[in-house]
Amino acid sequence: MSGKEDCDVGLVFLIVEGAILGWLAAFILRAESSRSLKINIASGLIGALLAGLVISPAMSAGNLASGTYTVDAMFISMAGSLAALCVANFLRYRKVL
């Protein structure tokens, strides 16, 4: 695989991971409306991308976008997704979103 293909696979992984975690959060929280589902999926995507592209390389845990796949980088992107979901749901239930 070339470097470009590794980058594509890493980004696809981050997008899929964030979307799945957002969907699961909507399912667990029983978010019935489509707006709640969209907010959860979007916040999961944003959190996974931010953590996977910025925080993980800064912590020298690997860079999913460049093809350096480590378990630490995957856990960091998952934690970023979950943190963004927590913030989004906190703001939504306080009637900010």
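Shown above is the structure to which this text applies.
Residues numbered from 1 in each chain as written. Predicted model: local features only at pLDDT ≥ 70, side-chain atom pairs only at ≥ 80, totals over all residues. Heavy atoms only, no water.

*Asks:* Explain the overall build of the protein here, please?
*Replies:* Counting secondary structure elements, the protein contains 3 helices and 0 strands. Beginning at the N terminus, the succession of helices and strands in the protein can be written as α-α-α. In the protein, which comprises 97 residues, the proportion classed as buried is 34%. Contacts in the protein between residues far apart in sequence, at least 24 positions, make up 66% of those at least 6 positions apart. Here the protein displays about 5,800 Å² of accessible surface, and carbon together with sulfur accounts for 73% of that area. (Helix = DSSP H or I, 4+ residues; strand = E, 2+ residues; numbered from the N terminus. Buried < 20%, exposed > 50% of the residue type's maximum accessible area, 1.4 Å probe, protein only. Contact = heavy atoms within 4.5 Å. Areas by Shrake-Rupley, 256 points an atom, 1.4 Å probe, with all protein chains shown as cover.)

*Asks:* Which parts of the structure should I look at to understand helix H3 (residues 71-93)?
*Replies:* Every α-helical turn comprises 3.6 residues, leaving residues that sit three or four positions apart pointing alike. Spanning 23 residues, H3 covers 33 Å between terminal C-alpha atoms, matching the ideal 33 Å at 1.5 Å per step. Taken together, the buried positions of H3 are occupied by Ala 73, Ile 76, Ser 77, Gly 80, Ser 81, Leu 85, Ala 88, Asn 89 and Arg 92. (Expected span 1.5 Å × (residues − 1).)

*Asks:* So what exactly am I meant to see when it comes to the packing of helix H2 (residues 34-58) against H3 here?
*Replies:* Helix packing for two helices is described by the angle between their axes and how far apart those axes are. Where H2 contacts H3, the two axes come as close as 7 Å, and the packing angle between them is 140 degrees. One element, H2, and the other, H3, form an angle in the oblique class. You can see that H2 and H3 cross each other, and the crossing is right-handed. Here H2 contributes Ser 36, Ile 39, Asn 40, Ser 43, Gly 44, Gly 47, Ala 48, Ala 51, Gly 52, Ile 55 and Ser 56 to the contact with H3, which in turn contributes Ala 73, Ile 76, Ser 77, Gly 80, Ser 81, Ala 84, Leu 85, Ala 88, Asn 89 and Arg 92. Partitioned by chemical class, the residues of the contact of H2 with H3 number 9 nonpolar, 11 polar and 1 charged. (Axes fitted to C-alpha atoms, helices over the stretch in contact; angles between N-to-C directions. Parallel < 35°, antiparallel > 145°, perpendicular 65-115°, else oblique. Left-handed = near helix turned anticlockwise from the far one by under 90°. Nonpolar A, V, L, I, M, F, W, Y, C, P; charged D, E, K, R; others polar.)

*Asks:* Quick question: what am I supposed to make of the packing of aromatic side chains here?
*Replies:* Given two aromatic rings, their pairing is described by the distance between the two centres and the angle made by the two planes. Under the criterion given, the structure shown has 1 aromatic pair. With centroids separated by 5.8 Å and ring planes inclined at 15 degrees, the aromatic side chains of Trp 23 and Phe 27 adopt a geometry described as stacked. Of this pair, Trp 23 and Phe 27 both sit in helix H1 (residues 3-28), separated by 4 residues, roughly a single helical turn. Residue classification places Trp 23 among the partly exposed positions, given a relative accessible area of 45%. (Phe/Tyr/Trp six-rings, centres within 6.5 Å; stacked < 30°, edge-to-face > 60°.)

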